[in-house]
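The lines below spell out each chain.
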Amino acid sequence: MMTSKVLDYLRERADKWITIEAIACGTGLVSGDIINAIDKLSQQGYMIDNSPSYGFRFSGVAGALNADLIEQGLLTKRVGSGVIVFDNTDSTNNIAKYYADDPDADGLAIFAEHQNAGKGRQDRNWCDIHGKSILCSILLRLPPDQQQVINGQSLSLLAGVAVADAVRFCFDIDVRIKWPNDVMVNGKKLAGVMVQSVSCDDCLAYIIGIGINCQQGDDDFDDEVRDIAVSIRQLIKKNIDRVNLAQELLCSLDIWLGDIVDGRTEKLHNRWLSYCDDINRRMTLVCDGHEFTGRIIDVSVSDGLIMQLDTGGVKAFNPDHSSVKKD
Ligand code: BTN
């Protein structure tokens, strides 16, 4: 608790020298506790400079993700009920699947520094370089009453919004969402989300898989994606605190999940629309192999993107079955 208080205080003042008196005043802690907390944070990998004249300076970034750091001070109710970090795995979605039958695993968040077989939507690969991304899967085990209000479509919307909120909150980046849930900046992809359902012994489970480009430089993207992908570091031109982003992401997912479980879906609907530039745009979507062209008029939290078809009528498109037609 004391450590996370000091961490929060320093994080908000990153890159500035702060005297121990100011930290004591801001946190209500005595100097002995502050020094112990700073020692602990340094041991955990945070870079905190110490000067007899100026005090302390938090230069931010824990070198690696680790479960203790992510759990430290995490105030979520459900998402992040457990946190596991792998240095290397095939896919965090596979690990989440492995836990799907465990009654205690609802909300489990699995992170990896590297995936050998990361998966994207529509059977694509999701490639990464060790330590440069947030690669995470959240397992949700829905009891029967929640199966009425939550489905893959609503989780897909929710996850896109949660990623967008977390990135905006941490870095003040103007993110947009491209349907179904690509998080974009200036037309380039910053993050991707996929939602999978898994049937388990006693419930219906969903896995929300999220990949966020964080620390990549120009040479870290493969040739095929270099012109269409972007990382947070490329945007803000400095190293980023992935632990802080991971925590914000879990918090944001948790809050939106609470909202939809309690029936506040209109809030999610409005937030998604505020991030989306597709409304009123003409598009061609492919659904189960058939093409549909028309004007996008809305999104439904439970049913998907809604198009006024050129051929007449209105159709909802669910991300499981549909995608935007490539030119
Ligand atoms: C997309 O295609 O845009 C969705 C990409 C989702 C990638 C993430 S990375 C963590 C999780 N594990 C995976 O294998 N995939 C998802």
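About the thresholds
Residues numbered from 1 in each chain as written. Predicted model: local features only at pLDDT ≥ 70, side-chain atom pairs only at ≥ 80, totals over all residues. Heavy atoms only, no water. Domains from an automatic or database assignment. Contact = heavy atoms within 4.5 Å. Buried area = accessible area lost by both parts, 1.4 Å probe. Salt bridge = Lys/Arg side-chain N within 4 Å of Asp/Glu carboxyl O. Pairing = 2+ DSSP bridges. Helix = DSSP H or I, 4+ residues; strand = E, 2+ residues; numbered from the N terminus. Axes fitted to C-alpha atoms, helices over the stretch in contact; angles between N-to-C directions. Buried < 20%, exposed > 50% of the residue type's maximum accessible area, 1.4 Å probe, protein only. Near = heavy atom within 4 Å. Areas by Shrake-Rupley, 256 points an atom, 1.4 Å probe, with all protein chains shown as cover. Nonpolar A, V, L, I, M, F, W, Y, C, P; charged D, E, K, R; others polar.

Peer 1: Help me out: how do you make sense of the domain arrangement of the protein in this one?
Peer 2: A common way to report how large an interface is uses the accessible area buried once the components associate. By domain assignment, the protein separates into domain 1 (2-60), domain 2 (67-275) and domain 3 (282-324). Taking the mean C-alpha position of each, domain 2 and domain 3 sit 24 Å from one another. The partner domain 3 presents 16 residues to the 15 residues of domain 2 that form the contact. Roughly 1200 Å² of surface becomes buried between domain 2 and domain 3 when both sides are summed, with 67% attributable to carbon and sulfur atoms. Summed over the three residues of domain 2 that lose the most area to domain 3, namely Gln153, Trp179 and His269, the buried surface amounts to 52% of that side. If you look at where domain 2 meets domain 3, you find zero salt bridges.

Peer 1: Could you clarify how one ought to interpret the sheet that holds strand 14 (residues 314-317) in this entry?
Peer 2: Sheet strands line up and pair through hydrogen bonds in the backbone, either parallel or antiparallel. In spatial order, the strands read 14-13-12-11-15; together these five strands make up an open sheet with antiparallel pairing. Since the sheet does not close on itself, it has two edges, and those belong to strand 14 and strand 15 (322-324), each with one partner. When the angles between neighbouring strand axes are averaged without regard to direction, this sheet yields 50°. Bridging between strand 13 (residues 304-309) and strand 14 involves four bridges; their strand directions are antiparallel.

Peer 1: How should the pairing of strand 3 (residues 55-58) be read in this particular structure?
Peer 2: Taken residue by residue, a regular strand's side chains alternate between the two faces of the sheet. As paired elements, strand 1 (residues 17-18) and strand 3 share two bridges and run antiparallel to each other. Among the inter-strand pairings, Ile18 is bridged to a residue of strand 3, identified as Phe56. Examined bridge by bridge, strand 2 (residues 48-51) and strand 3 share four bridges and lie antiparallel to one another. For Asn50, the partnering residue across the bridge sits in strand 3 and is Phe56. Turn length for the strand 2-strand 3 hairpin, with the two strands adjacent in sequence and antiparallel, is three residues.

Peer 1: I tried to follow the environment of Asp320 on my own but got confused; where do I start?
Peer 2: By secondary structure assignment, the location of Asp320 is in the loop between strand 14 and strand 15. According to the relative accessible area criterion, Asp320 is exposed, its value standing at 59%. C-alpha separation for the pair Asp320 and Cys287, spaced 33 residues apart in sequence, amounts to 9.1 Å.

Peer 1: Explanation requested: the site of the ligand in the structure shown.
Peer 2: Lining the immediate surroundings of the ligand are 20 residues, of which Ser91, Gln115, Lys119, Arg121 and Lys189 lie closest. Relative to its free-state accessible area of 410 Å², the ligand is covered by the protein chains to the extent of 99%. Within the residue set of the shell around the ligand, elements represented by two or more residues are helix 5 (92-98), strand 6 (133-142), strand 9 (188-199) and strand 10 (204-213). Considering each element in turn, the shell around the ligand owes the most residues, four residues, to strand 9. In terms of residue class, the shell around the ligand is built from six nonpolar, 10 polar and four charged.

Peer 1: Please clarify how the sheet that holds strand 1 should be interpreted in this entry.
Peer 2: One open sheet accounts for three strands, arranged 1-3-2; its pairing is antiparallel. Edge positions in the sheet fall to strand 1 and strand 2, since each of these pairs with one other strand and no more. Contacts from helix 1 (residues 2-12) reach strand 1, strand 2 and strand 3 within the one sheet, and its direction differs from that of strand 3 by about 75°.

Peer 1: So what exactly am I meant to see when it comes to the pattern of salt bridges here?
Peer 2: A side chain with one charge can pair with a side chain of the opposite charge if their charged atoms come near. Throughout the structure, instances matching the rule amount to 17 salt bridges. Measuring nitrogen to oxygen at the nearest pair gives 2.8 Å for the salt bridge that ties Asp165 to Arg271. Of the two residues, Asp165 sits in helix 7 (residues 152-171) while Arg271 sits in helix 10 (residues 265-275), which places them 106 residues apart along the sequence. A residue is classified by how much of its surface remains accessible, and Asp165, at 12% relative accessible area, is buried. Here Arg176 and Asp277 are joined by a salt bridge, their closest N and O atoms 2.7 Å apart. With Arg176 in strand 7 (residues 176-178) and Asp277 in the loop between helix 10 and strand 11 (282-287), the pair connects residues that are 101 residues apart, well separated along the chain. With relative accessibility at 38%, the residue Asp277 sits in the partly exposed group. What emerges from the salt-bridge pattern is a single network uniting Asp259, Asp262, Arg264 and Lys267.

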